[in-house]
Amino acid sequence: MTVGALAPLSASAAAKPDTVQQSLNALVHNDGLPAALATVTDRDGRTHNYTAGVADLATKAKVPVDGQVRIGSNTKTFTAVVVLQLVGEGKVALDAPVETYLPNLLRGDGIDGRTITVRQLLQHTSGLPDYLNKDEILSNPQRYYEPRELLDAALAQKAHFHPGKQWEYSNTNYLLAGLIIQKVTGRPLGEEITRRIINRVGLRHTYFPAPGDMTVHEAHPKGYNRDAADGSMRDVTELDPSWGWAAGAVVSTNSDVDRFFTALLGGRLLPAAQLAQMRTTVPADAVGPGTRYGLGLMSRPLSCGGLYWGHGGTIPGYETAGGATDDGRAVDIAVTMIPSAAARQHIAAAVDAALCR
């Protein structure tokens, strides 16, 4: 079913079918996603933007080129970079226990801040349960959450495993990383991310929402959630991202996300020693075959050989996927609804095709 107009945006795409454009068209036509957007930086350093679908299901408005979206867990990479900058400055030690920075905070059933390290937070090997309750958030998406309230939800559960014994993705790890940043710097997390990353590499369309800010500031496609009961589409563009905070609050564009990962891999955000730590990975096959997780950074194999580095993110209304290679190729794809498992595979294939062409 066609959801809306499909619009190639570069001269080359208009002249002949482009693999990226075809992928986005298929996400709309075949997977039923309201809109898909992509920014690709090719082997020659040229950047192309693409859109498919509609920005608003009611008005059928066009998707804004390189529109702003909520980038969800890509935020974790921003948070990890700030922690690693603090490591480089001698203010945080990766293998120090969380207790060093947040004394007496982390206590629960099998949970002890004296036995969990900062590295294990960033690498998702802490064993901490996730605080996230998706049904509760979707039932009241404009509710504000304090970080300590979210932490309490995690500490009410039992540890999933002994620290360092396995890998399991948990937003609670990055909630604590954000609290460490605030404790060490004495400044709000959003200010540190803005000062240390966003302003430093010129991410002009990226921001960490202030408390109570539920809007997407610039031109953007609306984000939707499909109701499980009747299949209807609900506009969830305006939500309070406080529940995501250090794990998922950032708003950005595809081109800014590409710029961020390219700058990170190029050594513009971290000293070489800390970047090497960030790229030291453990298996994360639960994410996808061959996926490995470093410190807030994932590597995935490419069908044409080699790896790309990125993260990806999911938040009600939006999902983003992509990354960059060490030789400067980059892609970020955003869709305006959390996709099905099959659609998510199609997005991953589109990322691979864009980087391998």
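Rules behind the numbers
Residues numbered from 1 in each chain as written. Predicted model: local features only at pLDDT ≥ 70, side-chain atom pairs only at ≥ 80, totals over all residues. Heavy atoms only, no water. 1 Å grid on protein atoms, 1.4 Å probe; cavity = no way out; pocket = protein on both sides within 12 Å on 5 of 7 lines; lining within 4 Å. Points joined across faces, edges and corners; volume = space filled by probe spheres on them. Helix = DSSP H or I, 4+ residues; strand = E, 2+ residues; numbered from the N terminus. Nonpolar A, V, L, I, M, F, W, Y, C, P; charged D, E, K, R; others polar. Phe/Tyr/Trp six-rings, centres within 6.5 Å; stacked < 30°, edge-to-face > 60°. Lys NZ or Arg CZ within 6 Å of the ring centre and 35° of its normal. Disulfide = S-S within 2.5 Å. Salt bridge = Lys/Arg side-chain N within 4 Å of Asp/Glu carboxyl O. Core = buried A, V, L, I, M, F, W, Y, C linked by side-chain atoms within 4.5 Å. Buried < 20%, exposed > 50% of the residue type's maximum accessible area, 1.4 Å probe, protein only. Contact = heavy atoms within 4.5 Å. pLDDT = per-residue confidence, 0-100.

What follows concerns the layout of surface pockets. The space that makes up the largest pocket amounts to roughly 1,300 Å³. Lining the largest pocket are 46 residues, and of these V287, R300, T314, E319 and R344 sit closest to its centre. For the lining of the largest pocket, the secondary-structure elements that each account for two or more residues are helix 5 (134–139), helix 9 (245–248), strand 12 (298–301), strand 14 (313–315), strand 15 (318–324) and helix 12 (341–356). Here the lining of the largest pocket gets 8 residues from one element, more than from any other, and that element is helix 12. A class-by-class count of the residues in the lining of the largest pocket yields 24 nonpolar, 15 polar and 7 charged. By volume, the second largest pocket is sized at about 290 Å³. Lining the second largest pocket are 20 residues; nearest its centre among them are F208, P209, A210, P211 and W245. Looking at the lining of the second largest pocket, the element that brings in the most residues is helix 8 (residues 189–198), giving 3 residues. Here the residues of the lining of the second largest pocket sort into 12 nonpolar, 4 polar and 4 charged.

A word on the packing of aromatic side chains. Per the stated rule, a full pass over the model turns up 5 aromatic pairs. Taken together, a centroid distance of 3.9 Å and an interplanar angle of 15 degrees make the contact between F78 and F260 stacked. Placement of the pair is F78 in helix 3 (residues 75–88) and F260 in helix 10 (residues 254–265), with a sequence separation of 182 residues. Through a chain of ring-to-ring contacts, the aromatic side chains of F78, F260 and F261 assemble into a single cluster. A cation sits over an aromatic face here: R143 above Y145, 4.2 Å from the ring centre.

Our next topic: the state of the cysteines. Taken as a whole and assessed by the stated rule, the structure comprises 1 disulfide. Residue C304 pairs covalently with C356 via a disulfide, S to S 2.1 Å. Because the torsion about its S-S bond is -75 degrees, the bridge between C304 and C356 counts as left-handed. One end of the pair, C304, is in the loop between strand 12 and strand 13 (307–310); the other, C356, is in helix 12, with 52 residues separating them in the sequence.

Our focus in this paragraph is the pattern of salt bridges. The full count for this structure, using the stated rule, is 21 salt bridges. Among the salt bridges present, the one from R114 reaches D112, with a minimum N-O distance of 2.8 Å. A salt bridge links D235 to K222; its shortest N-O distance comes to 3.5 Å. Residue D235 is found in strand 8 (residues 233–235), and its partner K222 is found in the loop between helix 8 and strand 7 (224–226); the two are separated by 13 residues along the sequence. Beyond isolated ion pairs, a larger network of salt bridges with shared partners links E89, K91, R187, E191, E192, R195 and R196.

Below, the discussion takes up the nonpolar core. A general tendency of soluble globular proteins is for nonpolar side chains to be buried together. Ranked by size, the top nonpolar core spans 79 residues in total, and within it L106, L176, L264 and M278 carry the most contacts. For this core, the element with the highest residue contribution is helix 3, accounting for 8 residues. Not counting residues up to four positions away in its chain, the partners in contact with M278 are T77, A80, V81, L84, L264, L270, G294, L295, G296 and L297. Grouped together as the second largest cluster of nonpolar side chains are 23 residues, Y50, A321, I347 and A350 included.

Averaged over all residues, the pLDDT of the chain is 94; the fraction at 70 or higher stands at 95%. Contacts for the low-pLDDT stretch residues 1–15, under 50 throughout, to residues beyond four places or in other chains number 33 contacts.

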